[in-house]
Amino acid sequence: MTDTLAHVAESTTQPHHTAGERRHTVRNVAVTVLRLVLCLVFGLPLLFMIISSFKPDIQIFSDLGSVKAFLPVGDLSFENYFGVFDRVPFAQFLLNSVIISVSTVVLGLIVNSMAAFALSRLQFRGQKVILGVILATLIVPFETMALPLLWWVNTLPFFDVNGFSQGWLDTYQVQIVPFIANAFSIYLFYQYFDSIPKELDEAATVDGAGWFRIYRSIVMPLAGPAVATVAILTFLPAWNQYLWPLMVVQSEELRPAMVGIDYFKQLNVSWGQIMAYASIITVPVLVLFVAFQRSFINSIASSGVKG
Amino acid sequence: MSSTTYKPPVTAQVAEKTLHKPKSAGRSPGTVALLMLLPAGVLMITFLIIPIGLTFVLAFTNARLISPEPAHFIGLDNFSRLFGNDTFWKSLRNTVIFAVVIVPFQSALALGLALLVNVKMRGVNFFRTVYFLPVVTSMVVVSMLWLFLYQPNGLINAVLAKFGIQGPDWLGNPSTALFAIIVMSAWQAVGFHMVIWLSGLQTIPGELYEAASLDGASPVQQFLHVTWPGLRQTFIFILITITIAAFSLFTQINIMTQGGPLDSTSTVVFQAVRTGFAQQQTGYAAAISLVFFVIVLAVSLLQRYLTREKEAGR
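Everything quoted here is computed from the prediction, not taken from an experiment.

### Looking at the overall build of chain B
If you tally the helices and strands in chain B, you get 14 helices and 0 strands. Written out in order from the N terminus, the α and β elements of chain B read α-α-α-α-α-α-α-α-α-α-α-α-α-α. Scored against the burial criterion, the 314 residues of chain B give a buried share of 44%. By sequence separation, contacts in chain B at least 24 residues apart represent 69% of the contacts at least 6 residues apart.

### Considering the domain arrangement of chain A
Under the domain assignment, chain A is made up of domain 1 (2-80) and domain 2 (88-267). The distance between the C-alpha centroids of domain 1 of chain A and domain 2 of chain A comes to 39 Å.

### Quick notes on the packing of helix 7 (residues 142-153) of chain A against helix 2 (residues 29-58) of chain B
Where helix 7 of chain A contacts helix 2 of chain B, the axes come no closer than 8 Å and their chain directions differ by 95 degrees. Judged by the angle between their axes, helix 7 of chain A and helix 2 of chain B are roughly perpendicular. Contacts from Thr144(A), Met145(A), Pro148(A), Leu149(A), Trp151(A) and Trp152(A) of helix 7 of chain A reach helix 2 of chain B at Phe47(B), Ile50(B), Pro51(B), Ile52(B), Leu54(B), Thr55(B) and Leu58(B). Classifying every residue of the contact of helix 7 of chain A with helix 2 of chain B gives 11 nonpolar, 2 polar and no charged.

### Some words on the packing of helix 14 (residues 257-266) of chain A against helix 15 (residues 271-291) of chain A
Residue and element names in this part refer to chain A. Remark: helix 14 packs on helix 15, axes separated minimally by 11 Å, with the N-to-C direction vectors making an angle of 180 degrees. What the angle tells us is that helix 14 and helix 15 run roughly antiparallel. Seen from helix 14, the contacting residues are Ala257, Met258, Ile261, Phe264 and Lys265; seen from helix 15, they are Ile274, Tyr277, Ala278 and Ile281. In terms of residue class, the contact of helix 14 with helix 15 is built from 8 nonpolar, no polar and 1 charged.

### Overview of the pairing of strand 1 (residues 157-160) of chain A
Residue and element names in this part refer to chain A. Sheet topology places strand 1 next to strand 2 (residues 163-166); 4 bridges connect them, and they run antiparallel. Its bridge partner lying in strand 2, Phe159 is registered against Phe164. Following strand 1, the chain reverses through 2 residues before pairing antiparallel with strand 2.

### Some words on the interface of chain B and chain A
Taken together, the 93 residues of chain B in the interface contact 87 residues of chain A. With 18 residues, helix 2 of chain B is the largest single contributor of residues to the side of chain B that touches chain A. Here the side of chain B that touches chain A is composed, by residue class, of 66 nonpolar, 23 polar and 4 charged.

### Describing the nonpolar core
The biggest cluster of nonpolar side chains holds 175 residues, and the ones touching the most others in it are Ala115(A) and Ala278(A). Among the elements that line this core, the one with the most residues is helix 8 (residues 177-201) of chain B, at 14 residues. No fewer than three residues from each of domain 1 (2-80) and domain 2 (88-267) of chain A sit in this core. Aside from chain neighbours lying at most four places away, what touches Ala115(A) is Ile186(A), Met36(B), Leu37(B) and Ala40(B).

### Focus on the environment of Gly112(B)
Following the sequence through the fold, Gly112(B) ends up in helix 4 (residues 86-117). Residues Gly112(B) and Ala99(B), spaced 13 residues apart in sequence, show a C-alpha to C-alpha distance of 20 Å.

### Re the environment of Leu71(A)
Residue and element names in this part refer to chain A. Tracing the backbone shows Leu71 in the loop between helix 3 (57-63) and helix 4 (79-87). On the basis of neighbour counts, which here come to 11 C-beta atoms within 10 Å, the residue Leu71 falls in the exposed class. It is 47 Å that separates the C-alpha atoms of Leu71 and Trp168, two residues lying 97 residues apart in sequence.

### Topic: unusual backbone geometry
Although it is not a glycine, Asp170(A) adopts a positive phi angle of roughly 60 degrees. Relative to the assigned elements, Asp170(A) resides in the loop between strand 2 and helix 8 (173-176). Note on Asp170(A): 14 C-beta atoms within 10 Å, which makes it partly exposed. Phi angles above zero are rare outside glycine, and Gln258(B) is one such case at about 55 degrees. By secondary structure assignment, the location of Gln258(B) is in the loop between helix 12 (251-256) and helix 13 (268-278).

Quick notes on the rules
Residues numbered from 1 in each chain as written. Chains lettered and ligands numbered in written order. Predicted model: local features only at pLDDT ≥ 70, side-chain atom pairs only at ≥ 80, totals over all residues. Helix = DSSP H or I, 4+ residues; strand = E, 2+ residues; numbered from the N terminus. Buried ≥ 20, exposed ≤ 12 C-beta atoms within 10 Å, placed from the backbone. Contact = placed C-beta atoms within 7 Å. Domains from an automatic or database assignment. Axes fitted to C-alpha atoms, helices over the stretch in contact; angles between N-to-C directions. Parallel < 35°, antiparallel > 145°, perpendicular 65-115°, else oblique. Nonpolar A, V, L, I, M, F, W, Y, C, P; charged D, E, K, R; others polar. Pairing = 2+ DSSP bridges. Core = buried A, V, L, I, M, F, W, Y, C linked by C-beta atoms within 7 Å.

Structure, rendered in structure tokens:
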């Protein structure tokens, strides 16, 4: 906020105006005011959510008519937060969300970068065709195949320590495995790998390194920005996922936090408690975003590249 | 913020020219490539290609999600049932209205925001960050939050009351519910497209603006003759992504209105989930998905075609 204020001060105190410059300054001030108003539009609802999570419902409603709705004043407590943990197994929900999104990100980084490595740095027949097919799938929104996929995963077999079973519904893997391989992640890695000099491969080959070695010890260590981008673009949808877990998860022990809030609300909890629940699952992501803002925004910007 | 994420190292172009294929590194490149593509390939075939194919098959069967009896073909029954169903037509209409309103609204708003923050000045990152905050907030959370803001006695009506306006029951009234959801959805997603516009804007060389302002072009003229022509690729991408997202509308509906009141906010995906999941009629839901798939494909191709025509005629 200090940055902003500094700017307002700066743009209003330019000395010695000509008429043209003065008009320019007036416009600058107007534009800055517009920017600030938009900050309120985008920021205030989220601020309201966080502030309200500390207030009892009576106060949330009585504060609505004034600026107090956005200020941490009055009867503040962690009551609502205790309520969240009391009414539902919230710690379990959070743990599930972490397990699911972290596994998806880690496995996705490995699987997609390997595929991209093969497509970008190895020469074999059908390379172009495979890349074309992968890019073509980008246009299909998940929602179009969600229901056929639901039917399909219900018929799939699975092997684990307990032996053979049929149907993936109500498991961790059904929330993770379908989202590991991702056409867009492959594309992002492919693009980045293409920019890493291929001379490096050659040098490594002369030294007797195999392709897996080149992938692991040369290309991947140089691909930091691509790894960050893919990690962010995988994490966000995995953490925020709603439609899929809504359909495939029945038991509370496997339910992620996003779907949990829906069930939570149906327990006739107070608004303050809903805001507390919403804040816990949102604030960590917002903090991560502000901390790694540059990577986040660059990741999103890179998703425009494919246009 | 740097303008391009993937600025290739300078040496890349040089390397391209002097490229020799690495000599044998143990196994042949073909075998290695196969091994490396295998995990992604198996996963994509299993969870993407097969389900897409299944959409086309299941739509013509009476498959149920959980059923002791095997599914069999029933021809076009699902489609005739679908096209005779009022709720489906209402849902399709709502989805189209949602898309037709939100696509221009959101893309223009995003461009406006991008222009506002596409300046070199102190503190501009602060604005970008704030405008982007809703994007990193889950749609589930946003829906819960706005469910409260839209209450008859919620925040929005409290603010309106300050100005002496009696706000409606936004989500409880069939004539305002869809509109309310449009505004909220644009609020959540517009920061995303602001960033895409911004990366498009930053690919336009600064010299063009300098030349234009030397020629005495006004800001509006600069926008029309320098900025806009440079944004064609970005524009197509934004149109297509907003359109697809608009047709996929589900989360907000499921949390805020359940399609009501009087089906005024029901959507195609909402109906697909209701029939395919809640009622377990996979075949019928696959038919809805297929219609949805064809629409998305057609709209994307049409937009690509139209924007290309405009470019040619310029």
